[in-house]
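The primary structure of each chain is shown beneath.
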Amino acid sequence: MNVWENIKLTFKKGDALIKLIYVNVGVFLLLKAVLIVLKLFNLSGTFLLSWLAIPADPTLLLQRFWTPVSYMFLHEGFFHLFFNMLCLYLFGKIFLSVFSERHLVGLYFVGGFIAALFYVLAYNLFPYYEPLVHASILLGASGSIMAIITASAFRLPNMEIRLFLLGGVKLKYVAIATILVSFFGITSSNGGGELAHLGGALTGYLFVLLLNKGTDITLWFNKLIDGIVNLFRPRRMRVKKGTHRPNRKMNDAEYNMHKAQNMAEIDRILDKIKASGYDSLSSDEKRRLFEQGKK
């Protein structure tokens, strides 16, 4: 198997986190390749960034209506990409231990949208940014990643992660420190990026807060994506059966059997935790346990 086939196989079999990282890296490499080709013809490719990144100017934003999506996959340099993808991988793994892959993708995009909204509103509301509005753009996945970090910290505040030179640090302190750094940096040269971080952090907090109350703020986005995907799927012929009643209510015996099977599965998962620890559970087992805990 060659390298390209291996990459395609990894992408196909990978979870949502791996796919998000692959898309970010793929966009970065494609953009760099285009810039190199343009440079060979003594052409400047700087216009590509301005057409793919979010402008602070609302007039330009209306003209470049695709930028609220494209900007969150756009990175200016290798280290910008590297550190963002490292954080996405580390905290995305933690996020997936308590939430689903659909939640991860939904929060990545919704967090990115609200991060962009924070940036545009701040640059047009606060006089400090007024001289910068017409020349400022926002790019990068950090707003989306901040939403994932904050959601993970809010759900697992006392979980410890190992940080270089610092040792074990609780997740809640990592999130608090990151938010404070962003707040104190909103008047720096990267003020737009720091505002986006704060917007992403607020999204992550609201995601967990509202999900605990039964409202999923990522649901609308996932339904939208499902609808778009279904438009391009070939329709399957449905064969009607006269005796088939998919919406029929279960009788008492069926209900009791279903309930007993469900409890047996939960008992098996709990036994597995006792024997091998929580980390030994599969994503589906963690989801079942989480759903049972909400009942």
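About the cut-offs
Residues numbered from 1 in each chain as written. Predicted model: local features only at pLDDT ≥ 70, side-chain atom pairs only at ≥ 80, totals over all residues. Heavy atoms only, no water. Helix = DSSP H or I, 4+ residues; strand = E, 2+ residues; numbered from the N terminus. Expected span 1.5 Å × (residues − 1). Buried < 20%, exposed > 50% of the residue type's maximum accessible area, 1.4 Å probe, protein only. Contact = heavy atoms within 4.5 Å. Axes fitted to C-alpha atoms, helices over the stretch in contact; angles between N-to-C directions. Parallel < 35°, antiparallel > 145°, perpendicular 65-115°, else oblique. Left-handed = near helix turned anticlockwise from the far one by under 90°. Nonpolar A, V, L, I, M, F, W, Y, C, P; charged D, E, K, R; others polar. Core = buried A, V, L, I, M, F, W, Y, C linked by side-chain atoms within 4.5 Å.

A closer look at helix 6 (residues 78-96)
Part 1 of the reasoning: In a regular helix each residue adds 1.5 Å, so 19 residues correspond to 27 Å; helix 6 covers 26 Å between its end C-alpha atoms and thus fits that length.
Part 2 of the reasoning: Of the positions making up helix 6, those classed as buried are Leu81, Asn84, Met85, Leu88, Phe91, Gly92, Ile94, Phe95 and Leu96.
Part 3 of the reasoning: For helix 6, the secondary structure elements touched by its buried residues are helix 2 (16-40), helix 7 (101-125), helix 8 (142-155), strand 3 (160-163), helix 9 (171-184) and helix 10 (191-211).

Re the packing of helix 8 against helix 9
Part 1 of the reasoning: Put simply, helix 8 and helix 9 touch, their axes get as near as 8 Å, and they point 140° apart. Viewed along their axes, helix 8 and helix 9 adopt a mutual orientation that is oblique. Helix 8 and helix 9 meet at a crossing whose hand is left-handed. Contacts from Met146, Ile149, Thr150, Ser152 and Ala153 in helix 8 reach Leu171, Lys172, Ala175, Thr178 and Ile179 in helix 9.
Part 2 of the reasoning: Of the residues assigned to the contact of helix 8 with helix 9, the class counts are 6 nonpolar, 3 polar and 1 charged.

Things to note about the nonpolar core
What tends to happen in soluble globular proteins is that the nonpolar side chains get buried as a cluster.
Part 1 of the reasoning: Within the largest apolar cluster, 56 residues are counted, with the highest numbers of intra-cluster contacts made by Leu88, Phe91, Phe95, Leu104, Tyr108, Ile148 and Phe207.
Part 2 of the reasoning: Considering every element that reaches this core, the biggest residue donor is helix 7, with 11 residues.
Part 3 of the reasoning: Listed in part, the 6 residues of the second largest apolar core include Leu31, Leu38, Leu48 and Ala53.

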